[in-house]
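# Understanding the architecture of this molecule
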Amino acid sequence: MKQTVLNIIILTVSITNLSVSALSPLRKVNNAKVEGRRQFLSSAVAVGGLFTCLPSAFAKAPPSGLEGDKAKIVAGYKRLNYLLDNWEKETTQCKTGNDNPYLGCDRTPEKVMEYLGFKSMEDPLFRADKTLIRLQSLVPAKDADVYQDAVDTWLEKAEEGNGLAFISSWGEANPGGGKDRVALFIERSRKDVVESRDVLKTVIQVLDLKVD
């Protein structure tokens, strides 16, 4: 009886070892397939990352920086024209929403500084001197001197106009100041705005830009 049980145990172990031996190649094949899939996925991710980093040949190209600069000059020119055509309205601020009848309307230089690009980074004439310098590469050789004079004049007149507008904003606070002093400096700044507008007109003509 003991011999029979021993024989059964030996037979069971042998069958188990045989089964394991038979399954080993299958496991190797399956492991190889899993490893192959892993390598494929890793390669796919790597290639996908590569194409993500590289610019697509079929992607829509962003607008040229110089084209954007051209648009800024045209937009700034049109805005200065609007300011000059509506000078009184744009440089006057009327107080509303108050029952005090003595508040009325006052001249304000804020719009002058705004239109010249000194109040907001979003304004088309913000750092316009840098814009004009970048566009210099498009200037025909025959107009190089005219364009350079225009850039120099812009630097002078835009800064001067902004400065006068700033002084005007403190007109009433200064000793001996008053609303008449505010109005005086606003009107002085108008001359600089006119010359700044004319500079942009010259730039538009030299670069042959279209103004709607």
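Note that the coordinates shown come from a computational prediction; the quantities given were computed from them, not determined experimentally.

This part covers the environment of Lys142. Mapped onto the fold, Lys142 is located in the loop between helix H5 (128-135) and helix H6 (144-169). Taking the C-alpha atoms as reference, Lys142 lies 9.7 Å from Val206; in sequence the two are 64 residues apart. Polar side-chain contacts of Lys142 include one of 3.0 Å to the side chain of Asp143.

One pass over the full model with this rule turns up 11 salt bridges. Among the ionic contacts, a cluster of salt bridges with common partners joins Glu156, Lys157, Lys191 and Glu195.

Next up on the list: helix H7 (residues 179-207). Under the 1.5 Å per step criterion, the end-to-end length of H7 is 42 Å for 29 residues, consistent within 8% with the ideal 42 Å. Remark: Asp208 follows H7 within two positions and exhibits a positive phi of approximately 55 degrees.

Here the focus is the packing of aromatic side chains. According to the stated counting rule, one finds zero aromatic pairs in the structure shown. Of note, Arg190 hangs over the ring of Trp87, and the distance from its end group to the ring centre comes to 5.7 Å.

What follows covers the confidence of the model for the protein. The predicted model of the protein has a mean per-residue pLDDT of 73, with 60% of residues at 70 or higher. No element of the protein has a lower mean pLDDT than helix H1 (residues 2-53), at 44, and none a higher one than helix H2 (residues 65-85), at 96. Taken together, the stretch residues 2-6 has pLDDT below 50 and engages in zero contacts with residues farther than four places along the chain or on a different chain. Throughout residues 40-63 the model reports pLDDT below 50, and contacts reaching past four residues in sequence, or to other chains, amount to zero contacts.

Time to look at H2. One full turn of an α-helix is made of 3.6 residues, so residues set three or four places apart face in the same direction. An ideal rise of 1.5 Å per residue puts 30 Å on 21 residues; H2 measures up with 30 Å between its terminal C-alpha atoms. Every buried residue belonging to H2 is among Asp69, Ile73, Val74, Gly76, Tyr77, Leu80, Asn81, Leu83 and Leu84, and all of these are buried.

Note on placement: Leu125 falls in the loop between helix H4 (110-115) and H5. For Leu125, a relative accessible area of 2% puts it in the buried group. For the pair formed by Leu125 and Tyr115, sequence separation is 10 residues and the distance between their alpha carbons is 7.5 Å. Residues within four places of Leu125 in sequence aside, it is in contact with Lys72, Gly76, Leu80, Tyr115, Leu116, Gly117, Trp154 and Leu200.

All right, on to the state of the cysteines then. By definition, a disulfide links two cysteine residues through a covalent bond between their sulfur atoms. According to the stated counting rule, one finds one disulfide in the structure shown. Each disulfide pairs two cysteine sulfurs, and for Cys94 the partner residue is Cys105, the sulfurs being separated by 1.8 Å. Taking the sign of the S-S torsion, 105 degrees for the link of Cys94 and Cys105, the bridge is right-handed. One end of the pair, Cys94, is in strand E1 (residues 92-94); the other, Cys105, is in strand E2 (residues 105-107), and 11 residues separate them in sequence. Using a relative accessible area of 42% as the deciding quantity, one classes Cys94 as partly exposed. Here Cys105 falls in the partly exposed class, since its relative accessible area comes to 44%.

Another aspect to go through is the nonpolar core. Of all hydrophobic cores here, the largest spans 32 residues; its most connected members are Leu80, Tyr147, Trp154 and Val193. Listing elements by their share of this core, those giving two or more residues are H2, H4, H5, H6 and H7. Per element, the largest residue contribution to this core is nine residues, and it comes from H7. Excluding residues within four positions of it along the chain, Leu80 makes contact with Tyr115, Leu116, Leu125, Trp154, Val193, Ser196, Arg197 and Leu200.

Although it is not a glycine, Arg127 sits at a positive phi angle of roughly 50 degrees. By relative accessible area, Arg127 is classed as partly exposed at 43%. The phi dihedral of Asp208 is positive, around 55 degrees, even though this residue is not glycine.

At their nearest, the axes of H2 and H5 sit 10 Å apart, and the two run at 130 degrees to each other. It follows that H2 is oblique to H5 by the angle criterion. H2 and H5 meet at a crossing whose hand is left-handed. Along its contact with H2, which presents Leu66, Asp69, Lys70 and Ile73, the element H5 presents Thr131, Leu132, Arg134 and Leu135.

Conventions adopted
Residues numbered from 1 in each chain as written. Predicted model: local features only at pLDDT ≥ 70, side-chain atom pairs only at ≥ 80, totals over all residues. Heavy atoms only, no water. Helix = DSSP H or I, 4+ residues; strand = E, 2+ residues; numbered from the N terminus. Polar contact = N/O pair within 3.5 Å; in protein donor to acceptor, adjacent residues only side chain to side chain. Salt bridge = Lys/Arg side-chain N within 4 Å of Asp/Glu carboxyl O. Expected span 1.5 Å × (residues − 1). Phe/Tyr/Trp six-rings, centres within 6.5 Å; stacked < 30°, edge-to-face > 60°. Lys NZ or Arg CZ within 6 Å of the ring centre and 35° of its normal. pLDDT = per-residue confidence, 0-100. Contact = heavy atoms within 4.5 Å. Buried < 20%, exposed > 50% of the residue type's maximum accessible area, 1.4 Å probe, protein only. Disulfide = S-S within 2.5 Å. Core = buried A, V, L, I, M, F, W, Y, C linked by side-chain atoms within 4.5 Å. Axes fitted to C-alpha atoms, helices over the stretch in contact; angles between N-to-C directions. Parallel < 35°, antiparallel > 145°, perpendicular 65-115°, else oblique. Left-handed = near helix turned anticlockwise from the far one by under 90°.

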